[in-house]
Amino acid sequence: MPVWLIWFLLIVFVAHLAVFARLALRHRNLRYSLVTLTFVLLVASFSLRLGAPEWTIGRMPVHWMLRYAAWAIAAITISWLIHLKVAARRAKQ
């Protein structure tokens, strides 16, 4: 991945982090907190990729571990939100 793209994605993730952190603090809602955690992990991952890509645990770069964790939290959050939407739609019927 080119360095310019890493910088671009980092800026996008920081902007999203700021918005969702504000929402999480304002609403004290778990869904915003989980999304905020996802963006914290992505910002940390891409920052490490730029600043310390050689950091590893075992043979795996730390920035990949953080990225995998972000993917996992995102998958959990998305599936949970789908479940909530389906349950709300069923409750209306």
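Look above for the structure.
Residues numbered from 1 in each chain as written. Predicted model: local features only at pLDDT ≥ 70, side-chain atom pairs only at ≥ 80, totals over all residues. Heavy atoms only, no water.

Engineer: Is there a simple way to explain the side chain of threonine 36 in this structure?
Structural biologist: Its place among the elements puts threonine 36 in helix H2 (residues 30-51). When sequence neighbours within four positions are dropped, the list of residues in contact with threonine 36 reads Leu17, Phe20, Ala21 and Ala24. (Helix = DSSP H or I, 4+ residues; strand = E, 2+ residues; numbered from the N terminus. Contact = heavy atoms within 4.5 Å.)

Engineer: Quick question: what am I supposed to make of the environment of alanine 24 here?
Structural biologist: As for its placement among the helices and strands, alanine 24 is situated in helix H1 (residues 3-27). Sequence separation between alanine 24 and leucine 66 is 42 residues; the distance between their C-alpha atoms is 21 Å. Ignoring sequence-local partners within four residues, the contact set of alanine 24 consists of Asn29, Tyr32, Ser33 and Thr36.

Engineer: How should I be thinking about the packing of aromatic side chains in this particular structure?
Structural biologist: We describe a pair of aromatic rings using the distance from one ring centre to the other and the angle between the two ring planes. Taken as a whole and judged by the stated rule, the model has seven aromatic pairs. Judged by centre distance (5.3 Å) and plane angle (65°), the ring pair of phenylalanine 13 and phenylalanine 46 falls under edge-to-face. With a gap of 33 residues between them, phenylalanine 13 in helix H1 and phenylalanine 46 in helix H2 connect regions that are remote in the sequence. Phenylalanine 13 gets classed as buried once you look at its relative accessible area, which sits at 13%. With a centroid separation of 5.9 Å and an interplanar angle of 15°, the aromatic rings of phenylalanine 20 and phenylalanine 39 are classed as stacked. Placement of the pair is phenylalanine 20 in helix H1 and phenylalanine 39 in helix H2, with a sequence separation of 19 residues. Each residue in the set Phe13, Phe20, Tyr32, Phe39 and Phe46 is aromatic and connected to the rest through ring pairs, giving one cluster. (Phe/Tyr/Trp six-rings, centres within 6.5 Å; stacked < 30°, edge-to-face > 60°. Buried < 20%, exposed > 50% of the residue type's maximum accessible area, 1.4 Å probe, protein only.)

Engineer: What exactly am I supposed to notice about a positive patch on the surface here?
Structural biologist: A cluster of basic residues, Arg31, Lys85, Arg89 and Lys92, forms a positive patch on the protein surface. The element best represented in the positive patch is helix H3 (residues 62-92), accounting for three residues. Summarising the element assignment, lysine 92 is placed in helix H3. (Patch = residues over 30% accessible without salt bridge, like charges linked within 9 Å, V, L, I, M, F, W, Y side chains within 5 Å. Areas by Shrake-Rupley, 256 points an atom, 1.4 Å probe, with all protein chains shown as cover. Salt bridge = Lys/Arg side-chain N within 4 Å of Asp/Glu carboxyl O. Lys, Arg positive; Asp, Glu negative; His and termini not counted. Charge placed at Lys NZ, Arg CZ, Asp CG, Glu CD.)

Engineer: How do you make sense of the side chain of arginine 67 when you look at a structure like this?
Structural biologist: On the secondary structure map, arginine 67 appears in helix H3. Within the buried core, arginine 67 has no salt-bridge partner, and the shortest N-O distance to an opposite charge, that of glutamate 54, equals 16 Å.

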